[in-house]
Structure formats: structure tokens, C-alpha cells
Amino acid sequence: PAAISSDAEFCRRVWLDLSGVAPPVAEIRRFLNDPGPNKRSELIDRLLRSPQHASHMAARWIDILLPPDIQVQPQSRENVAALHEWLHLQFVNNIPYDHFVGGFLTAGGAGNSGPAIFYTSHELEPKKLASATSRIFMGIQLQCAECHDHPTDRWTQEDFWQYAAFFGQLQRTDGRMGRDTIIEDRPGGEVTLPDSQRVMSPRYPGIEQSPEQDPTDNRRRQLTIWMASRDNTYFSRAAVNRVWAHLFGRGLVDPVDAMDVDNR
């Protein structure tokens, strides 16, 4: 095992990890001169409560959620800022991770409010949303089975499109002159297997039986309930791996979003 870091190394590292910036010289001096036995844990707690931490984590999650080209487009600036504000509030309020993901996966309403840009940046296409959400929140490359069965993993083409069916109800309504775009789930949206007329019913990845019907026929809400449940072992493993990668620069599994069987 590596030796315990020095106080100077620890102070610099924890500032970078939790605030995204190097510590001010005055902070380093204060920390080095502090004789208290609990000064490391106290520094961690103080940084977690700081405004810099929420802003830093919001910026990190924007990089996770949005394609780089979307972030730099002038027409997306307002929507990216809205997402940053939404993410910032999640960390300020210390929202539990399962609630954070649940709120994100069921987001709708105005197209320029918070998480909505994630859906519009993927053009509300079920296949693109299936690829992104399975990679980000479960650490699996399900998109490798979009056109054919995965060559080295368990995923079949049916697995991919049945997961994509959870996003088939998403619709966008444009207001006057293309403004006030509204994103909502409308019953009846279906996804078909490519090159066929076969309608794909929604099914969770790795689960053989079909899910119970949602009382309001809201498939995204149905997916959200399962996503953070104990039945979904991918969710917790992917979350731990992502936090580990954030703190140590490399996940327990690397790349962080490729926790597939073929990635030894």
C-alpha cells in the first residue's frame, strides 16, 4: 500500500477533488499549522458544505451528461446554464443519489429548464437516450447491441430496443415561433425493432420478465423506480465506480462507463 500522504499533499488533493481549484496559500498554511487530530476530516466536511463544491460537481456532471459540442453551441448556452443551476441545487441540498437520478430521469416541462437539455440534445430519440442513460447510470455499453447482438457480452439486440422502449413516449411540443418547447410523456409511443414492424415492449436490462404496468402508463417513471432499486445491481456499482474515479483519477473499472463483461 502507498504511504499516507503528507498534510500538504492531502490539502492540495482534497481541494482539487472537492472544489476543483488548488487551495489558497493562506488555507495551506492554516491547515499545516493546525495541530488538531481531526483536521483532515474537518477540512473534508467544510469543503463539502462550501459553494465551490456544489459548483464544481455541477460542472463535472454537465461534462458527464452533455456531449461536448452541445456545451459550446451559442444557442445552447441558456439551457446549459439552466442545467448547471439544477445540478448545483442538487449538491447544495445534498440530495441522495437515487433521488438525484430519479429527478433527472423523469424531468420534463419547459425545454429550457434544467435536465430538459439532456433530452433535446439527444433529439428525444429513444435509441440515443437508451445508449446515454445505460452508460451514465449503469456503466454498461448497451448501445453495442443496437444493430446486432453484442459480440462479447450478454446483451442482445432485443435487450437494447426493449430498454429504449422506456423512452418511446417522449414528445416535444413547440410553442409560438418555435419557443416555449415542452417535453412530456404521452401514452402510446412505441419503439419497433429495426427492419421489422415488431413493437418492442419495455423491459429492464438483465431482467427476464416484463415489468408490471405503470398505473398512469408513464414508462420513464416506471424505469426510474427500478433504476435505483436493489433489483438493479448495475446502478450502485456504477455509482461507486464513478465516485472512485472522481477522487482517484481512475475508476476501479476503467473506463468508468464500460463495466461490461468484456472489460476485464
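Structure's up top.
Residues numbered from 1 in each chain as written. Predicted model: local features only at pLDDT ≥ 70, side-chain atom pairs only at ≥ 80, totals over all residues. Heavy atoms only, no water.

**Considerations on the overall build of the chain**
For the chain, the count of helices and strands is 12 helices and 5 strands. The C-alpha extent of the chain, read off along each of the three principal axes, is 70 × 50 × 35 Å. Counting every position in the chain, which comprises 264 residues, the buried fraction comes to 43%. A total of about 14600 Å² of accessible surface is found on the chain, and carbon and sulfur atoms cover 53% of it. Charged side chains in the chain number 28 positive and 34 negative. The centres of these two groups are separated by 5 Å. (Helix = DSSP H or I, 4+ residues; strand = E, 2+ residues; numbered from the N terminus. Buried < 20%, exposed > 50% of the residue type's maximum accessible area, 1.4 Å probe, protein only. Areas by Shrake-Rupley, 256 points an atom, 1.4 Å probe, with all protein chains shown as cover. Lys, Arg positive; Asp, Glu negative; His and termini not counted. Charge placed at Lys NZ, Arg CZ, Asp CG, Glu CD.)

**Re helix α1 (residues 7–19)**
For α1, which comprises 13 residues, the first-to-last C-alpha distance of 17 Å matches the rise-based estimate of 18 Å (1.5 Å per residue) to within 8%. Burial in α1 covers these residues: Phe10, Cys11, Val14, Trp15, Asp17, Leu18 and Ser19. Looking at the buried residues of α1, the elements they touch are α2 (25–33), α3 (39–48), α4 (51–65) and α12 (233–248). Phi for Gly20, located one or two positions after α1, is positive at around 80 degrees. (Expected span 1.5 Å × (residues − 1). Contact = heavy atoms within 4.5 Å.)

**Some details on the pattern of salt bridges**
In the structure shown here, the tally under the stated rule is 15 salt bridges. Connected through salt bridges with shared partners, the residues Asp7, Lys39 and Arg40 form a single ionic network. (Salt bridge = Lys/Arg side-chain N within 4 Å of Asp/Glu carboxyl O.)

**Quick notes on the packing of helix α9 (residues 126–138) against helix α10 (residues 157–164)**
Two packed helices can be described by the angle between their axes and the distance between those axes. The contact between α9 and α10 brings their axes to 8 Å, and the two run at 100 degrees. By the criterion of interaxial angle, the relationship of α9 to α10 is roughly perpendicular. Contact residues: Pro126, Lys127, Ala130, Ser131, Thr133, Ser134 and Met138 in α9; Phe160, Trp161, Tyr163 and Ala164 in α10. Residues belonging to the contact of α9 with α10 are distributed by class as follows: 7 nonpolar, 3 polar and 1 charged. (Axes fitted to C-alpha atoms, helices over the stretch in contact; angles between N-to-C directions. Parallel < 35°, antiparallel > 145°, perpendicular 65-115°, else oblique. Nonpolar A, V, L, I, M, F, W, Y, C, P; charged D, E, K, R; others polar.)

**What about the sheet that holds strand β1 (residues 109–110)?**
With antiparallel pairing, the 3 strands of this open sheet are ordered in space as β1-β3-β2. Each edge of the sheet is formed by a strand with only one pairing partner; in this case those strands are β1 and β2 (170–173). Bridging between β1 and strand β3 (residues 182–185) involves 2 bridges; their strand directions are antiparallel. Residue pairing in the sheet places Ala110 in a bridge with Ile182 of β3. (Pairing = 2+ DSSP bridges.)

**Quick notes on the nonpolar core**
Counting residues in hydrophobic clusters, the biggest one holds 50 residues, and the most contacted among them are Leu87, Phe104, Phe118, Tyr119, Phe137, Tyr163 and Met227. Every element with two or more residues in this core is listed here: α4, α6 (77–92), α7 (97–105), α8 (116–121), α9, α10, α11 (219–227) and α12. Take this core: its biggest share by element is 6 residues, from α9. Leave out the neighbours within four places in its chain, and Phe104 touches Leu65, Leu83, Trp86, Pro115, Phe118, Tyr119 and Phe137. Of all hydrophobic cores here, the second largest spans 8 residues; its members include Cys11, Val14, Leu18 and Phe31. (Core = buried A, V, L, I, M, F, W, Y, C linked by side-chain atoms within 4.5 Å.)

**Overview of the environment of Gly103**
Along the chain, the position of Gly103 falls in helix α7. Taking relative accessible area as the criterion, Gly103 reaches 28% and is therefore assigned partly exposed. When the C-alpha positions of Gly103 and Ile44 are compared, they lie 27 Å apart, and in sequence the two are 59 residues distant.

**As for unusual backbone geometry**
The linkage connecting Asp254 with the following residue, Pro255, adopts the cis geometry, with an omega of 0 degrees. With respect to the helices, strands and loops of the structure, Pro255 is situated in the segment after α12. With phi around 55 degrees, Asn94 is a residue other than glycine that occupies positive phi space. With respect to the secondary-structure elements, Asn94 resides in the loop between α6 and α7. Taking the relative accessible area as the measure of exposure, Asn94 reaches 65% and is therefore exposed. Here Glu123, not a glycine, exhibits a phi torsion of approximately 60 degrees, which is positive. Of note, Glu123 is situated in the loop between α8 and α9. Residue classification places Glu123 among the partly exposed positions, given a relative accessible area of 45%.

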